[in-house]
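# Structural description and commentary
If you want the building blocks of each chain, they are given just below.
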Amino acid sequence: MLSERRLEVLRAIVQDYVGTEEPVGSKALTERHQLGVSPATVRNDMAALEEEGYIAQPHTSAGRIPTDKGYRLFVDRLAGVKPMTAPERRAIQNFLECAVDLDDVVARTVRLLAQLTRQVAVVQYPSLTRSTVRHVELLSMAPARVMLVLITDTGRVEQRMIDCPAPFGEASLADLRARLNSRVVGRRFADVPQLVQDLPEAFEEPEDRGTVSTVLSTLLETLVEETEERLMIGGTANLTRFGHDFPLTIRPVLEALEEQVVLLKLLGEAKDPAMRVRIGHENAYEGLNSTSVVSVGYGSGGEAVAKLGVVGPTRMDYPGTMGAVRAVARYVGQILAES
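Residues numbered from 1 in each chain as written. Predicted model: local features only at pLDDT ≥ 70, side-chain atom pairs only at ≥ 80, totals over all residues. Heavy atoms only, no water.

## Regarding the layout of surface pockets
A volume near 460 Å³ is recorded for the second largest pocket. Along its surface, the second largest pocket is lined by 21 residues, and Leu116, Thr117, Arg118, Asp317 and Thr321 are the ones closest to its centre. For the lining of the second largest pocket, the elements supplying multiple residues, two or more each, are helix H1 (4-20), helix H6 (102-117) and helix H12 (318-338). When residues in the lining of the second largest pocket are grouped by element, the largest group, three residues, is from H12. (1 Å grid on protein atoms, 1.4 Å probe; cavity = no way out; pocket = protein on both sides within 12 Å on 5 of 7 lines; lining within 4 Å. Points joined across faces, edges and corners; volume = space filled by probe spheres on them. Helix = DSSP H or I, 4+ residues; strand = E, 2+ residues; numbered from the N terminus.)

If you want it as structure tokens, here you go:
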């Protein structure tokens, strides 16, 4: 275990390196921080930190920089989450509240995260597999044609046109709409098939039963096919500001960011709401070994329906980034709950 003083030295090294982009020496540390010990003592502490793998010496510099292991200890034990100021929180809320639909919420969230953190922002669309039904609307378009509109608790809207096997009257359609909503509203998608399986039997006319079965099969197909995960990404240009933070080139990072499967794995399980920070080589994808990923779940009612986060160099302002990611996730969850 590191002593409290050595933890303080490590904290100071991380803060100075993130702030100045320059390797940190013992003289600069004692000048900038109230460590209460001599430069010689700080040099000894730095030697111990280096021996244990928390800091390293870049090829030519006399100073030291944190390693992945050093950043990990900093995040786990030394870095609090920096809260957003009241004006920042108001700005976030006002910007997100202007969204007109779910696509706009996601687009605004990506833009906001990229601007706040100056990193690459990644936002996962709410997954329908974890959604519940808010409402099912059935609209008569022609005597034997119906439009089905599925609205989820996260504000997602899916529309399907249905050609019915026989004409279906307004009274029958209103009856089906009422019966369907009484069974499925507020229920998870996975529960819907069982809840509606005997619904055709509630209708007396054989032609009506055929139409009800057709409507139900379209509804169930919609629930299944919309489980595909979708992402939006923004702020990739921010990486060019950190060119010297990536060994040789940023191309592997850019290539990784184009792979949706890689990004979904990086964000982690959508139903896990906890803040996650993956640093450097903790990222399984080789192209992202020089980056850190900060992600958190968002949703309404205390349950995560998707993840959002940022990708940037390991030389990251972790307290500020974690604070921004957490605050934005909280407001997105509120918007979805109210929408």
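## Points about the nonpolar core
Nonpolar side chains in soluble globular proteins generally cluster together in the buried interior. Judged by nonpolar contacts, the single largest core of 58 residues is most densely connected at Leu29, Tyr298, Leu308 and Tyr318. Here this core gets 11 residues from one element, more than from any other, and that element is H12. Two domains each provide a minimum of three residues to this core, namely domain 1 (4-77) and domain 2 (86-125 + 229-338). Among the nonpolar cores identified, the runner-up in size contains 23 residues, and Leu148, Ile162, Val212 and Val215 belong to it. (Core = buried A, V, L, I, M, F, W, Y, C linked by side-chain atoms within 4.5 Å. Buried < 20%, exposed > 50% of the residue type's maximum accessible area, 1.4 Å probe, protein only. Domains from an automatic or database assignment.)

## Notes on the side chain of threonine 314
Tracing the sequence through the fold places threonine 314 in the loop between strand E10 (306-313) and H12. With relative accessibility at 14%, the residue threonine 314 sits in the buried group.

## Description of the pattern of salt bridges
Pairs may arise between side chains of opposite charge once their charged atoms sit close together. Applying the stated criterion across every chain, the model contains 17 salt bridges. Residue arginine 230 is joined to aspartate 103 by a salt bridge in which the shortest nitrogen-to-oxygen separation is 3.8 Å. A residue pair is termed long-range when its members are at least 10 positions apart, and arginine 230 in the loop between helix H9 (206-225) and strand E7 (231-234) and aspartate 103 in helix H6 qualify at 127 residues. The exposure class of arginine 230 is partly exposed, given its relative accessible area of 35%. A relative accessible area of 40% places aspartate 103 in the partly exposed class. Salt bridges linked by common partners bring Arg5, Arg6 and Asp45 together as one network. (Salt bridge = Lys/Arg side-chain N within 4 Å of Asp/Glu carboxyl O.)

## Remarks on the side chain of asparagine 238
Inspection of the secondary structure assignment puts asparagine 238 in the loop between E7 and helix H10 (251-257). With relative accessibility at 18%, the residue asparagine 238 sits in the buried group. Polar contacts involving the side chain of asparagine 238 include one to the main-chain carbonyl oxygen of alanine 114, which spans 3.4 Å. (Polar contact = N/O pair within 3.5 Å; in protein donor to acceptor, adjacent residues only side chain to side chain.)

## A short note on a nonpolar patch on the surface
A surface patch of nonpolar side chains, about 260 Å² in accessible area, is lined by Leu139, Met141 and Met161. Examined against the element boundaries, leucine 139 turns out to sit in strand E4 (residues 133-142). (Patch = residues over 30% accessible without salt bridge, like charges linked within 9 Å, V, L, I, M, F, W, Y side chains within 5 Å. Areas by Shrake-Rupley, 256 points an atom, 1.4 Å probe, with all protein chains shown as cover.)

## Side note on the sheet that holds strand E6 (residues 157-163)
The antiparallel open sheet is built from three strands, whose spatial order is E4-E5-E6. Edge strands, defined here as strands with exactly one partner in the open sheet, are E4 and E6. Strand after strand, the sheet turns through a mean of 20° between neighbouring axes, direction not considered. As paired strands, E4 and strand E5 (residues 145-152) are joined by eight bridges and run antiparallel to one another. If you follow valine 133 over to E5, its bridge partner there is threonine 152. (Pairing = 2+ DSSP bridges. Axes fitted to C-alpha atoms, helices over the stretch in contact; angles between N-to-C directions.)

## Examining unusual backbone geometry
Phi is positive for glutamate 21, which is not a glycine, with a value near 65°. Relative to the elements of secondary structure, glutamate 21 occurs in the loop between H1 and helix H2 (26-32). One non-glycine residue, arginine 118, lies in positive phi territory at about 55°. Take arginine 118: it is sitting in the loop between H6 and strand E3 (120-124). Judged by its relative accessible area of 46%, arginine 118 is partly exposed.

## Regarding H12
Between its terminal C-alpha atoms H12 stretches 30 Å, which fits the 30 Å expected from 21 residues at 1.5 Å a residue. Here H12 lies mainly inside the structure; 16 of its 21 residues are buried. With a side-chain oxygen positioned 3.2 Å from the backbone nitrogen of glycine 320, the residue opening H12 is aspartate 317. (Expected span 1.5 Å × (residues − 1).)

## A word on the pairing of E6
The alternating pattern of E6 places Glu158, Arg160 and Ile162 on a buried face and Val157, Gln159, Met161 and Asp163 on a face that is not buried. Summarising the sheet, E5 and E6 pair through seven bridges and their orientation is antiparallel. Bridge pairing links leucine 150 to glutamate 158 in E6. The hairpin formed by E5 and E6 contains four residues between the paired strands, and glycine 155 there has a positive phi angle of roughly 90°.

## Considerations on the sheet that holds E3
Across the sheet, five strands lie side by side as E7-E3-E10-E9-E8; this open sheet has antiparallel pairing. Single-partner strands in this sheet number two, and they are E7 and strand E8 (276-279). The average angle at which neighbouring strand axes cross in this sheet is 15°, direction not considered. Where E3 meets E7, four bridges bridge the pair, whose relative direction is antiparallel. When the bridges of E7 are listed, alanine 121 appears paired with glycine 234. Most of the contacts of H12 go to strand E9 (residues 291-298), to which it runs at about 25°, and overall it touches E8, E9 and E10. (Contact = heavy atoms within 4.5 Å.)

Any link to function would need more than the numbers given here.
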